[in-house]
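# A closer look at the structure
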Amino acid sequence: MERTCDGDACPGRGPGFRILFVCTGNICRSPLAERLTLSALGPDGPVVAASAGTRAVPGRPMDEGARRELILLGGDPEGFVSRPLTAEAVAAADLVLAASSEHRREAVALHPLAAARAFTIAEFGALARAVPAGDVLCHGDPARRAQVLVEQVRALRGLVRPEQPDIADPYRGSRRAYRSAARRIAESLAVPLTLMGRGSNP
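First, a word on scope: everything that follows refers to the structure included in this document. (Residues numbered from 1 in each chain as written. Predicted model: local features only at pLDDT ≥ 70, side-chain atom pairs only at ≥ 80, totals over all residues. Heavy atoms only, no water.)

## Focus: the packing of helix α1 (residues 29-41) against helix α2 (residues 64-72)
Packing of α1 against α2 brings their axes to within 10 Å, and their N-to-C directions diverge by 25°. Relative to α2, the element α1 is oriented roughly parallel. Two packed elements cross with a definite hand, and for α1 against α2 that hand is right-handed. For the pair formed by α1 and α2, the contact residues are L32, R35 and L36 on the first element and A66, E69 and L70 on the second. Its residues assigned to classes, the contact of α1 with α2 shows 4 nonpolar, no polar and 2 charged. (Axes fitted to C-alpha atoms, helices over the stretch in contact; angles between N-to-C directions. Helix = DSSP H or I, 4+ residues; strand = E, 2+ residues; numbered from the N terminus. Parallel < 35°, antiparallel > 145°, perpendicular 65-115°, else oblique. Left-handed = near helix turned anticlockwise from the far one by under 90°. Contact = heavy atoms within 4.5 Å. Nonpolar A, V, L, I, M, F, W, Y, C, P; charged D, E, K, R; others polar.)

Have a look at this one:
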């Protein structure tokens, strides 16, 4: 499968398609997104997900409030541990999805060539809804569908804007704050994961 690298040498990027989710501590928003993606696409498929935090302390489990909301949405928090964001992780990702615009800026600062494939989670979801589904689903391989989706979304950047591009940090907030963040993440990822996850051509 032909792969584009946005001009860089794709360090660490091999077969398949890698999504990297980014937030601050890597214990609430980005692990929610990672585990919802794994739940939708499966842990052993060609599209894989990971997460990291711009201020993460390595080795921490998911925050209990985020863990509770993830389970309610059908995801599995078991075995998750936090990790700090690195330039290598950004470079290795085919798609970087950040909880906020600030997280996106910090990720791109570590590896500027990732700018074209870095979005906020809410921005990517809004843009994906504007992509003609047939342009993506005509490809049989999930990794190829993911790649095409990113290309289509990139072409629409600036034309479709979410009302709220950032997902608020629920850490140490109310149960309502956790639920709001979890729902926004799930809603933003619904269309992209549907397009990436179809098992065969329509």
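From this point, the discussion proceeds with the structure in view.
## As for the pattern of salt bridges
Proximity of charged atoms lets side chains of opposite charge pair with each other. Applying the stated criterion across every chain yields a total of 8 salt bridges. Of the charged contacts in the structure, one is a salt bridge between R67 and E78, with a shortest N-O distance of 2.4 Å. On the criterion of sequence distance, the pair formed by R67 in helix α2 and E78 in the loop between α2 and α3 (87-92) is long-range, its members being 11 residues apart. Owing to a relative accessible area of 22%, R67 belongs among the partly exposed residues under this scheme. The partner of E69 in a salt bridge is R179, with the nearest N and O atoms 3.4 Å apart. Placement of the pair is E69 in helix α2 and R179 in helix α8 (residues 175-197), with a sequence separation of 110 residues. By relative accessible area, E69 is classed as buried at 4%. (Salt bridge = Lys/Arg side-chain N within 4 Å of Asp/Glu carboxyl O. Buried < 20%, exposed > 50% of the residue type's maximum accessible area, 1.4 Å probe, protein only.)

## A word on the environment of P84
Locating P84 in the fold gives a position in the loop between α2 and α3. Judged by its relative accessible area of 34%, P84 is partly exposed. For the pair P84 and D63, spaced 21 residues apart in sequence, the C-alpha to C-alpha distance is 16 Å. Those residues within four positions of P84 in sequence are excluded, and the remaining contacts are A52, G53, A56 and P58.

## Quick look at the sheet that holds strand β4 (residues 118-120)
If you trace the 4 strands from one edge of the open sheet to the other, you get β2-β1-β3-β4, paired in parallel fashion. Among the strands making up the open sheet, the edge pair consists of β2 (47-53) and β4. In this sheet, neighbouring strand axes are inclined to one another by 25° on average, regardless of whether the strands run parallel or antiparallel. As judged from the 7 bridges shared by strand β1 (residues 17-23) and β2, these two strands associate in the parallel manner. Directly across from F17, in β2, lies its bridge partner V47. The strands that helix α5 (residues 121-129) touches are β1, β3 (95-98) and β4; relative to β4, the one it contacts most, it runs at about 95°. (Pairing = 2+ DSSP bridges.)

## So, unusual backbone geometry
With phi around 55°, N26 is a residue other than glycine that occupies positive phi space. In this fold, N26 is placed in the loop between β1 and α1. Judged by relative accessible area, which is 0%, N26 ranks as buried. One non-glycine residue, R172, lies in the positive phi region at around 60°. With respect to the secondary-structure elements, R172 resides in the loop between α7 (142-156) and α8.

## Looking at α7
Look at α7: 21 Å from first C-alpha to last across 15 residues, which is about the 21 Å you get at 1.5 Å a residue. Phi turns positive, to about 90°, at G158, one or two residues after α7. (Expected span 1.5 Å × (residues − 1).)

## With respect to the pairing of β3
On β3, burial covers both faces: L95 and L97 on one face and V96 and A98 on the other are all buried. Across 4 bridges, β1 lies against β3 in parallel orientation. Residue pairing for β3: V22 is matched across the bridge by A98. Looking at chain direction, β3 and β4 are connected through 3 bridges and run parallel. Counted as the bridge partner of A98 is T120 from β4. Since β3 and β4 lie parallel, the crossover through helix α4 (residues 101-110) that links them has a hand, and here it is right-handed. (Right-handed = clockwise from strand over helix to strand, strands pointing away.)

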